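Residues per chain, in single letters:
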Amino acid sequence: MQKTALIAGASGLMGSQLLPLLLASERYNRVIAIGRRPLPIMHPKLEQRIVDFDHLEDHRLQLIADDIFCCLGTTMRQAGSKDAFYRVDYLYVVKLAALTAANFAAQLLVVSAMGADARSRFYYNRVKGEMEEAVRQTPFRAIHFFRPSLLLGPRPEKRAGEQLGAFLLRVLRPVLVGRLRHYRAVPAHTVARAMLQAAEKEGHGPYVHLSNALAEEGLARP
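Since we're looking at a predicted model, the values are computed, not measured.

Visitor: What's the story with the packing of helix α1 (residues 13–24) against helix α6 (residues 188–200) in this structure? I'm lost.
Guide: The contact between α1 and α6 brings their axes to 8 Å, and the two run at 50 degrees. Overall, the two elements α1 and α6 adopt an arrangement that is oblique. As for the relative orientation of α1 and α6, their crossing is right-handed in sense. Touching Leu 13, Met 14, Gln 17, Leu 18, Leu 21 and Leu 22 of α1 are Ala 188, His 189, Val 191, Ala 192, Arg 193, Met 195 and Leu 196, all from α6. Per-class residue counts for the contact of α1 with α6 are 10 nonpolar, two polar and one charged.

Laid out in structure tokens, this is it:
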């Protein structure tokens, strides 16, 4: 039986790579994209829902799906403050997980970050780790956390620091071996394919997919 996918964050780098895969997949006959603004895309499977993430609970009945793909995320520079960053990368993600789990969704697939650790000294990694810990408490059949290193691909906005980082990681790729393989940059479309592949496996329990496995188009072990 075909299923319904829900994607949050389809306008960003990761979401823009994942959405076409969901629409093309025979697994899904409906794909719900939620966001603040409509996407410039039309497809017979696609249903767009404009939502206010600060009041996501008001849209609960619009969040009914089998597989939930969360590509929400920002940067400290984009957000403008720690509070704004925390709201997007923690509160919105955790709220989406709680509401869709209450709607009996089976699987949640979340883009996190390499180094996610609730006890990290670095604020970005700590928030990602706290998000993962909170999401693990939701009663999905399967929860997948994807922890890529620097993501490569076309972004809506140019980020000079990330462009420089991507260049350096490409140059250094031959020497990033062993434990350093975690730091290899990974194309966003590779992570997107891994997310769809993980959903198709119909797993149980929490899984963590590390950057080096994603860079090789494989999936990390639970």
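Anyway, onward from the coordinates.
Visitor: How should α6 be read in this particular structure?
Guide: Given a rise of 1.5 Å per residue, 13 residues ought to cover 18 Å, and the 19 Å separating the end C-alpha atoms of α6 matches this to within 8%. Inspection of α6 places Ala 188, Thr 190, Val 191, Ala 192, Ala 194, Met 195, Leu 196, Ala 198 and Ala 199 among the buried residues, and these make up the whole buried set. Where α6 ends, the next residue or the one after it, Glu 202, has phi of about 55 degrees, a positive value.

Visitor: Looking at this structure, I do not really get the sheet that holds strand β1 (residues 3–8). What am I missing?
Guide: Pairing between the strands of a sheet comes from backbone hydrogen bonds, and it takes one of two forms, parallel or antiparallel. Here we have seven strands laid out as an open sheet, ordered β3-β2-β1-β4-β5-β6-β9, and parallel in their pairing. If you trace the sheet from one side to the other, it starts and ends with β3 (46–50) and β9 (205–210), each paired once. With strand direction ignored, the average angle separating the axes of adjacent strands in the sheet is 15 degrees. With five bridges connecting them, strand β5 (residues 107–111) and strand β6 (residues 142–147) associate as parallel partners. Paired with Val 111 across the bridge in β6 is Phe 146. Where α1 meets the sheet, it contacts β1, β2 (28–35), β3, β4 (67–70) and β5, and its direction lies at approximately 165 degrees from that of β1. Against the sheet, helix α4 (residues 123–135) makes contact with β5 and β6, and its axis sits at roughly 170 degrees relative to β6, the strand it touches most.

Visitor: When you look at the nonpolar core in this model, what are you seeing that I'm missing?
Guide: Within soluble globular proteins, side chains that are nonpolar tend to cluster in buried spots. Ranked by internal contacts, the top residues of the largest apolar core, which has 33 residues, are Ile 34 and Val 135. Among the secondary structure elements, those contributing two or more residues to this core are β1, β2, β4, α3 (82–102), β5, α4 and β6. It is α3 that contributes the most residues to this core, 10 residues altogether. Among all residues touching Val 135, those that are not within four sequence positions of it are Val 93, Val 94, Ala 97, Leu 108, Ile 143 and Phe 145. Judged by nonpolar contacts, the second largest core, of 30 residues, contains Cys 71, Val 111, Ala 188 and Val 191.

So, how was this worked out
Residues numbered from 1 in each chain as written. Predicted model: local features only at pLDDT ≥ 70, side-chain atom pairs only at ≥ 80, totals over all residues. Heavy atoms only, no water. Axes fitted to C-alpha atoms, helices over the stretch in contact; angles between N-to-C directions. Helix = DSSP H or I, 4+ residues; strand = E, 2+ residues; numbered from the N terminus. Parallel < 35°, antiparallel > 145°, perpendicular 65-115°, else oblique. Left-handed = near helix turned anticlockwise from the far one by under 90°. Contact = heavy atoms within 4.5 Å. Nonpolar A, V, L, I, M, F, W, Y, C, P; charged D, E, K, R; others polar. Expected span 1.5 Å × (residues − 1). Buried < 20%, exposed > 50% of the residue type's maximum accessible area, 1.4 Å probe, protein only. Pairing = 2+ DSSP bridges. Core = buried A, V, L, I, M, F, W, Y, C linked by side-chain atoms within 4.5 Å.

Any functional reading would require information beyond the geometric quantities listed.
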